[in-house]
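Analysis of the macromolecular model
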Amino acid sequence: MSADTPTPDHAAAGAAADPIVGALRQRLGDHAVLEQATLTGMPVVWIPRESLTEVLKFLRDMPEPFEMLYDLSAIDERLRANRRGLPASDFTVFYHLMSISRNRDVMLKVALAESDLKVPSVVSLYPNANWYEREVWDMFGIDFAGHPHLTRLLMPPTWKGHPLRKDHGARATEFDPYTLTVEGQDVEQKALQFQPEDWGMRRTNDDTEFMFLNLGPNHPSAHGAFRIVLQLDGEEVVDCVPDIGYHHRGAEKMAERQSWHSFIPYTDRIDYTGGVMNNLPYILAVEKLAGIEVTERAMTIRVMMAEMFRITSHLLFLGTYLQDLGAMTPVFFTFTDRQKGYEVIEAITGFRMHPAWFRIGGTAMDLPKGWDTLVQGFLDWMPKRLVEYERAMMENAIVRERTRHIAAYTTREALAWGVTGPNLRATGCDFDLRKKRPYGGYENFDFEVPLGSNGDVFDRGQIRIEEMRQSLRIIQQCVDYMPAGDYKADHPLTTPPPREKMLQHIETLITHFLQVSWGPVLKPNESLQMIEATKGINSYYLTSDGNTMSYRTRIRTPSFPHLQQIPAVMRGGFVPDLIAHLGSIDFVMADVDR
């Protein structure tokens, strides 16, 4: 497939073979539908703004429906040079839909003029559109007509401007020096005050005065800088409002100012417990744009290290999950085992939590001598520890009483809110991208997908213990069948090029210098890669404009929709159940706020 921006003729040729695009053409007419050929692996279709609600409802209600709004965001197109064959657009809003039953996706795009930045809200169709639309308003200033509460989400209420617009500053040197007077501090504090009436909440009912309680943003059970305002009637949670953004660092904005190569370390810090697992979707998306096919050895090394981080992340989850339930000692045991995992990771990569070790075209270096002995030692240690965790903790009567049938939801509810990963599979939904859409070499491994049945706090804990067993099984296959060969692809855009060739050929030395100092130049196109990360599905949607850096980087993280779902799950529950639910979600705020 060509990496050049497609013409309408190319798109039309592909559309005839796609039943979804065909159905849209039949419904709206050929003139109203334009398919864009990309490297995203799904149909990307431009539709008129006035048809948006109709099309989304059609796709949601059709047989084998697109039941999940996986992502919703926007692109500032005003400085994009390579748009040949695409509709005129100053800003583009895109809707990424997922069908579990069809095991396929579709992306809808709506073109907007700068003078008319308004689209209809789709919260009535997909409830999880609420936060996504608020984020687009916050970052781009695009209005969603009919949204129930269109206010800032990630930025402070007093912020001026919309950060992901191309004319908004990105570096501190582009702003005036920051000052905060006493009066200014009062203004900021007042803006953060919670007003129940703004959210349709009553302060009293016929015989009760409700209490409004801040949980967080500095509370150990909030798992980071996360605030949730509770409307309480005694211990009962009448309603609640999650408040995020305290950990927002502008990761997507930073991606527009870093080369394709130099942005890799930033990905480690999205889900900061996931390590190189964060590198993987970004690297795979870049490799699609570059046309790079990595070696079997590189793929196997990547899978092994990603599964090592799945285990260390799940161990952290398990300890804090049980701590939130009131068990104080398990976290010390899980941290001990996590340390053993980090000893292996550090020996291979040189770092512990944030190795930034994957590279465009392979890995930073080959496996060191003795790596297999270290990894095998960890594989021999962990299985009996997992048995102990089950016997001492998950079979504990108090733990079961605190978690069984608590904060439960169905598969249908999970999909409506964009829930993925272990939290979705805890409802019994058999959907794991490593099996359903194998990527990066996972098709070469034999493992099972653990499933729950009740979708409750207990299942969300138990399933992660089972996932660690399967990760150990995958890593054992890596040790037993590690392919020989190079750890980097022999490709001009591999960054940096293999060192041994750099020392032999002047052309490779020049390429190394240019790719490290300027970064590789990738042809104009769009690519997307989804992976089964530690907390759910994580993806990078990259737009290249033929430059050394990304024109637009969209980072879709699993924790963002998982927190948005909290009020729907907890209304009518109790405060201790909320704490148990927060512990069972497995989130970090960097993964939410980016």
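The paragraphs below set out a description of the structure included in this document. Treat the numbers as computed from the prediction; the structure is a model and nothing was measured.

**With respect to helix α3 (residues 52-61)**
Of all the positions in α3, only L52, V55, L56 and L59 are classed as buried. Projection of α3 onto a plane perpendicular to its axis shows the buried side chains occupying an angular sector of 95°, all on one side. Along its buried surface, α3 packs onto α2 (19-28), β4 (91-99), β5 (104-112) and β6 (118-120).

**Observations concerning the sheet that holds strand β14 (residues 537-544)**
Spatially, β13-β14-β15 is the arrangement adopted by the 3 strands of the open sheet, whose pairing is antiparallel. If you trace the sheet from one side to the other, it starts and ends with β13 (525-532) and β15 (552-556), each paired once. Going across the sheet, the axis of each strand differs from the next one's by a mean of 10°, ignoring polarity.

**A few points about the packing of aromatic side chains**
On inspection of all chains with the given rule, the structure shows 14 aromatic pairs. Ring centres of Y282 and Y540 lie 5.5 Å apart, and the angle between their planes is 65°; on these two criteria the pair is classed as edge-to-face. Here Y282, found in helix α8 (residues 279-290), pairs with Y540, found in strand β14; they are 258 residues apart in sequence, far enough to count as distant. Y282 sits in the buried class, given a relative accessible area of 2%.

**What to know about helix α21 (residues 575-585)**
The periodicity of an α-helix, 3.6 residues per turn, causes residues three or four places apart in sequence to face the same way. With 10 of 11 residues buried, α21 lies mostly within the body of the structure. Every buried residue of α21 is accounted for by V575, D577, L578, I579, A580, H581, L582, G583, S584 and I585. Two residues or fewer past α21, D586 is found with a positive phi of approximately 65°.

**As for a nonpolar patch on the surface**
Together, I506, L509, I510, F513, L514 and W518 make up an exposed nonpolar region whose accessible area comes to about 660 Å². The residue L509 is located in helix α18 (residues 506-517) in this model. Of the residues examined, L509 reaches a relative accessible area of 40% and is grouped as partly exposed.

**Quick notes on the nonpolar core**
Judged by nonpolar contacts, the single largest core of 168 residues is most densely connected at Y95 and I142. Counting residues per element, this core draws most heavily on helix α9 (residues 296-324), at 15 residues.

**Considering the sheet that holds β4**
Sheet architecture is open: 5 strands sit in the order β1-β2-β5-β4-β3, paired in mixed fashion. Edge positions in the sheet fall to β1 (34-36) and β3 (68-76), since each of these pairs with one other strand and no more. Averaged over all neighbouring strand pairs, the angle between strand axes comes to 25°, with direction disregarded. The pairing of strand β2 (residues 44-46) with β5 spans 3 bridges and is parallel. Residue V45 lies in a different strand from β5, and its bridge partner there is L108. Sheet strands touched by α3: β4 and β5. Its angle to β5, the strand with the most contacts, is close to 175°. Of the strands in this sheet, β3 and β4 touch helix α4 (residues 129-140), which is tilted by about 10° from β3.

Analysis parameters
Residue indices begin from 1 for each chain and proceed along its sequence in written order. The model is predicted, so local features are restricted to residues of pLDDT at least 70 and side-chain atom pairs to those at 80 or more, both for listing and for counting; the totals for chains, interfaces and linings are taken over all residues. Side-chain descriptors were evaluated using all non-hydrogen atoms of the structure, hydrogens and water having been removed beforehand. Throughout, exposure labels follow a simple rule: accessible area from a 1.4 Å probe, protein chains only, divided by the maximum for the residue type, with under 20% read as buried, over 50% as exposed, and the rest as partly exposed. Every helix listed is a DSSP run of H or I at least four residues long, and every strand listed is a run of E at least two residues long, numbered separately from the N terminus. The directions from the helix axis to the C-beta atoms are what the arc is built from. The contact criterion used is simple: two residues touch if any of their non-hydrogen atoms lie within 4.5 Å. For two strands to pair, DSSP has to find at least two bridges joining them. Axis lines are fitted through C-alpha atoms, for helices just across the contact stretch, and the angle between N-to-C directions can take any value from 0 to 180 degrees. Within 6.5 Å between ring centres, the rings of Phe, Tyr and Trp (the latter by its six-membered ring) count as paired, and their orientation is classed by plane angle as stacked under 30 degrees, edge-to-face over 60, tilted in between. Only residues whose relative accessible area exceeds 30% and that form no salt bridge enter a patch; like-charged residues are grouped when within 9 Å of one another, and nonpolar side chains (Val, Leu, Ile, Met, Phe, Trp, Tyr) when within 5 Å. Per-residue accessibility takes into account occlusion by the displayed protein chains alone, with areas from the Shrake-Rupley method and a 1.4 Å probe. Each salt bridge in this description consists of a side-chain nitrogen of Lys or Arg and a carboxyl oxygen of Asp or Glu lying within 4 Å of one another. The nonpolar core is taken to be a set of buried Ala, Val, Leu, Ile, Met, Phe, Trp, Tyr and Cys residues, with the residues joined through side-chain atoms within 4.5 Å.

In short, geometric facts, not functional conclusions.
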